[in-house]
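Here is what each chain is made of, one letter per residue.
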Amino acid sequence: MVLTDGDVTLRPIRVRDQRAWREVNRRNRDWLRPWEATIPPAAPWGPVVQRPTYRQMVRHLRAEANGGRMLPFVIEYQGGLVGQLTVAGITWGSMCAGHVGYWVDRDVAGRGVMPTAVALAVDHCFRQVGLHRIEVCIRPENGPSRRVVEKLGFREEGMRPRYLHIDGAWRDHLVFALTAEEAREGLLSRWRRERHGHGQDHPRK
């Protein structure tokens with residue numbers, strides 16, 4: 001599935017994206033580090049977990065996608081790869097929910113790329129995939145990323161203390177959520193009405 005609005009495109013991540021993905025990630029290493037998930041120290045009785053290689057990551061993402069548990073996209077802007085967006089933790093049955101995570105190249109922050117990408121993904125989840133609820137969890141310090149979800153009309157639901165291991169420690173996250181009933185007109189339409197704003201995207205939620 002390829003989703004497009006203007007200069008912004010979401011498409012499935014591929015093994016052959018490795019060179020472009022690594023280059024963007026390398027250039028943005030210092031900018032992304034404060035918001036990047038890390039692996040906590042293993043318990044003495046627990047398994048040793050290491051960061052996967054790019055190919056291992058893609059194989060895992062594709063396996064989860066084939067199982068209906070994830071939608072892994074890369075973000076393209078004007079034809080070039082500039083980031084990644086994943087709808088993960090998809091749960092069916094009586095919940096029908098998932099959560100969105102992302103990162104974006106510093107060089108395109110502030111151009112509306114991330115709000116557009118999130119809007120495209122959420123509209124697809126509600127209208128085509130059949131999900132009912134989408135969450136985005138953001139560190140309280142990440143003001144620009146919070147503005148992205150606020151522009152799109154996500155509700156703030158509260159704090160999850162020490163929710164994820166980020167940048168070497170367990171970090172609190174604010175929960176923002178939206179249900180299909182709250183976005184009947186579509187997030188992309190909502191975002192287009194807000195494009196006159198001047199908020200900036202943040203590299204990673």
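Residues numbered from 1 in each chain as written. Predicted model: local features only at pLDDT ≥ 70, side-chain atom pairs only at ≥ 80, totals over all residues. Heavy atoms only, no water.

Just to check I follow, could you spell out the side chain of glutamine 84 for this structure?
With respect to the helices and strands, the residue glutamine 84 is situated in strand β4 (residues 80–91). Since its relative accessible area comes to 8%, glutamine 84 is described here as buried. Looking at glutamine 84, its side chain comes within polar contact range of the side chain of tryptophan 21, at 2.8 Å. For glutamine 84, the contacting residues outside a window of four places in its chain are Ile13, Trp21, Met57, Leu61, Phe73, Val74, Ile75, Gly101, Tyr102 and Trp103. (Helix = DSSP H or I, 4+ residues; strand = E, 2+ residues; numbered from the N terminus. Buried < 20%, exposed > 50% of the residue type's maximum accessible area, 1.4 Å probe, protein only. Polar contact = N/O pair within 3.5 Å; in protein donor to acceptor, adjacent residues only side chain to side chain. Contact = heavy atoms within 4.5 Å.)

Is there a simple way to think about the packing of aromatic side chains in this case?
The description of an aromatic ring pair uses the distance of the two centres, along with the angle that the planes make with each other. As enumerated under the stated definition, the model contains two aromatic pairs in all. With a centroid separation of 6.0 Å and 75° between ring planes, the pair formed by tryptophan 21 and tryptophan 103 is classed as edge-to-face. Of this pair, tryptophan 21 sits in helix α1 (residues 18–27) while tryptophan 103 sits in strand β5 (residues 97–104), placing them 82 residues apart in sequence. The two residues tryptophan 21 and tryptophan 103 agree in class, both being buried. (Phe/Tyr/Trp six-rings, centres within 6.5 Å; stacked < 30°, edge-to-face > 60°.)

What should I look at first to understand the pattern of salt bridges in this one?
The tally for this structure, following the rule as stated, stands at 20 salt bridges. For arginine 11, the salt bridge is made with aspartate 17, and the minimal N-O distance between the two is 2.7 Å. You can call aspartate 17 buried: its relative accessible area is 4%. Note that glutamate 157 is salt-bridged to arginine 133, the shortest N-O span being 2.6 Å. Residue glutamate 157 is found in strand β7 (residues 155–166), and its partner arginine 133 is found in strand β6 (residues 133–138); the two are separated by 24 residues along the sequence. Here the residues in one salt-bridge network are Arg133, Glu135, Arg155, Glu157, Arg160 and Glu182, joined through shared partners. (Salt bridge = Lys/Arg side-chain N within 4 Å of Asp/Glu carboxyl O.)

Is there a simple way to think about the pairing of strand β2 (residues 8–12) in this case?
Successive side chains on a regular strand alternate, one facing one side of the sheet and the next facing the other. Counting buried positions along β2 yields four of five residues, so the element is predominantly enclosed. The sheet contact formed by strand β1 (residues 3–5) and β2 spans three bridges and is antiparallel. When the bridges of β2 are listed, aspartate 5 appears paired with valine 8. Taking the residues between adjacent antiparallel strands as the criterion, β1 and β2 are bridged by two residues, where glycine 6 takes a positive phi near 60°. (Pairing = 2+ DSSP bridges.)

Even after reading the chapter, I still don't get unusual backbone geometry, so can you show me in this structure?
Comment: phi is negative for the bulk of residues other than glycine, and the bulk of peptide bonds are trans. One non-glycine residue with positive phi stands out, namely glutamine 78, at about 50°. Along the chain, glutamine 78 turns up in the loop between β3 (71–77) and β4. Positive phi, close to 50°, is recorded for cysteine 96, a residue that is not glycine.

Is there a simple way to think about the sheet that holds β3 in this case?
Backbone-to-backbone hydrogen bonds join strands into a sheet, with any given pair of strands oriented parallel or antiparallel. Taken together, the eight strands give an open sheet; going across it, the order is β1-β2-β3-β4-β5-β6-β8-β7, and neighbouring strands pair in mixed fashion. Since the sheet does not close on itself, it has two edges, and those belong to β1 and β7, each with one partner. The mean inter-strand angle of the sheet, taken between neighbouring strand axes irrespective of direction, is 25°. When β3 meets β4, the two strands line up antiparallel, connected through seven bridges. (Axes fitted to C-alpha atoms, helices over the stretch in contact; angles between N-to-C directions.)

I'm lost on helix α3 (residues 54–66) in this one. Help?
Note on helix geometry: an α-helix contains 3.6 residues per turn, so any two residues three or four positions apart are oriented the same way. For α3, built from 13 residues, the straight-helix expectation of 18 Å at 1.5 Å per residue is met to within 8% by its first-to-last C-alpha distance of 18 Å. Among the residues making up α3, those that are buried are Tyr54, Met57, Val58, Leu61 and Glu64. For α3, the angular spread of the buried residues around the axis is 130°, confining them to a single face. For α3, exposure combined with an orientation more than 90 degrees from the buried face picks out Arg59 and Asn66. Residues of α3 that are buried in the fold lie against α1, β3 and β4. (Expected span 1.5 Å × (residues − 1). Arc of directions from axis to C-beta.)

Is there a simple way to explain helix α5 (residues 143–151) in this structure?
Within α5 the residues assigned to the buried category are Ser145, Val148, Val149 and Lys151. Buried residues along α5 cover an arc of 165° about the axis, so they all sit on one side. Packing partners of the buried residues in α5 comprise β5, α4 (113–129), β6, β8 (169–179) and α6 (187–194). The opening residue of α5, the one whose side-chain oxygen lies 3.2 Å from the backbone nitrogen of serine 145, is asparagine 142. Downstream of α5 by one or two residues, glycine 153 has phi in the positive range, about 90°.

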